[in-house]
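Residue-level structural notes
Chain by chain, the residues run as shown.
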Amino acid sequence: MGEPDASREFGDVAARYAALRPAYPAELFAFLLDRLDGRRERAVDLGAGSGQASRALVGLFPHVTAVEPDARMLAHLDAPVAERINLPAEEADFAAGSVDAVVAATSFHWMDQERVCASVARWLRPGGVFFPFLYTPFAPQGPAQAIYERHWRLWLPHMDRRLGAKADYSRAIRESGAFGKIEMFSSRISASLSPAEATGLLSTASYARAYMAQCGDAEGYLRGLEGELAAVGERIDVVFPLGGVLAVRRSD
């Protein structure tokens, strides 16, 4: 058997993910709405996870569908979405032209991007938008940065290749030929966390979990990491660089 598929393992830390992964900023969704002309009725969140993006979409669209392949993650999705679909993005389907906006929040790199772009282009009405976005590896700041960098060097060999090979979200969108105007978005998220929270957050990263699985004592490793972070302060400032690609569906 091969290596476990990291994209299917987030449910192992679903509660931690729901509690510690940050919400996306209002400016990101304002960027989406500013570029969405016409009807604003239905949105789809692909790879919805525990609903960090779904919660914001519910306040903007009357009908929101959360699509998530891991039932354990869906169990922690507390947004009042109209519909939950427990399928990979590649297997989901909606009527042609029935959707106004599709997002993929820190998930598009795990997908078959060409296949998903083709599906999204079919689902969207002309003028609808596709907006995959992500935060890149979160990084503690200040005295905790050196601790993080030391552990990052341990995790890096365990990073799934898709996190690098598919991080350019614009490539598949452009190559699909289905989208007209394409714009880039960039921002950042910041959080102040306790050492325990920062350790929990870092342990939701797929590459950190892969390293811990190999080392054989995940709980002991996490206790050690938390102790190192606690030694440098009661609060750990963490920055999440945020970027995305918004594309408007061409008129046929």
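The structure this text deals with has already been given above.
These numbers were taken from a predicted model, which means no experiment stands behind them.

What the protein chain contains, in helices and strands, is 11 helices and eight strands. Over its C-alpha atoms the protein chain spans a radius of gyration of 18 Å, differing by no more than 12% from the 18 Å that the globule rule assigns to 252 residues. Taken over the C-alpha atoms alone, the protein chain extends approximately 60 × 40 × 30 Å along its principal axes. Relative to its full complement of 252 residues, the protein chain shows a buried share of 53%. Counting only contacts in the protein chain whose residues sit at least 6 apart along the sequence, the fraction spanning at least 24 positions is 77%. Surface exposure of the protein chain reaches about 11100 Å², of which carbon and sulfur atoms provide 51%. On the protein chain, the mean spot of the 27 positive side-chain charges and the mean spot of the 32 negative ones are 3 Å from each other.

Below, the discussion takes up the packing of helix α10 (residues 206-215) against helix α11 (residues 218-230). α11 packs onto α10 with a crossing angle of 120° between their chain directions and a minimal axis gap of 8 Å. Relative to α11, α10 is oriented oblique. Packed against α10, whose contacting residues are Y211, M212 and C215, the element α11 presents A218, Y221 and L222 at the interface. Looking at the contact of α10 with α11 residue by residue, the class counts come to six nonpolar, no polar and no charged.

Core analysis: the biggest nonpolar cluster contains 53 residues, and Y24, L32, F61, F131 and W155 have the highest contact counts within it. Among the elements that make up this core, the one with the highest residue count is strand β8 (residues 236-249) (six residues). What F61 contacts, discounting residues up to four positions off in sequence, is L32, L33, L36, R40, E41, R42, A43, D100 and A101. V102, A172, I173 and A247 belong to the second largest nonpolar core, which has 27 residues in total.

How each quantity is defined
- Residues numbered from 1 in each chain as written.
- Predicted model: local features only at pLDDT ≥ 70, side-chain atom pairs only at ≥ 80, totals over all residues.
- Heavy atoms only, no water.
- Helix = DSSP H or I, 4+ residues; strand = E, 2+ residues; numbered from the N terminus.
- Rg over C-alpha atoms; globule rule 2.2 N^0.38 Å.
- Buried < 20%, exposed > 50% of the residue type's maximum accessible area, 1.4 Å probe, protein only.
- Contact = heavy atoms within 4.5 Å.
- Areas by Shrake-Rupley, 256 points an atom, 1.4 Å probe, with all protein chains shown as cover.
- Lys, Arg positive; Asp, Glu negative; His and termini not counted.
- Charge placed at Lys NZ, Arg CZ, Asp CG, Glu CD.
- Axes fitted to C-alpha atoms, helices over the stretch in contact; angles between N-to-C directions.
- Parallel < 35°, antiparallel > 145°, perpendicular 65-115°, else oblique.
- Nonpolar A, V, L, I, M, F, W, Y, C, P; charged D, E, K, R; others polar.
- Core = buried A, V, L, I, M, F, W, Y, C linked by side-chain atoms within 4.5 Å.

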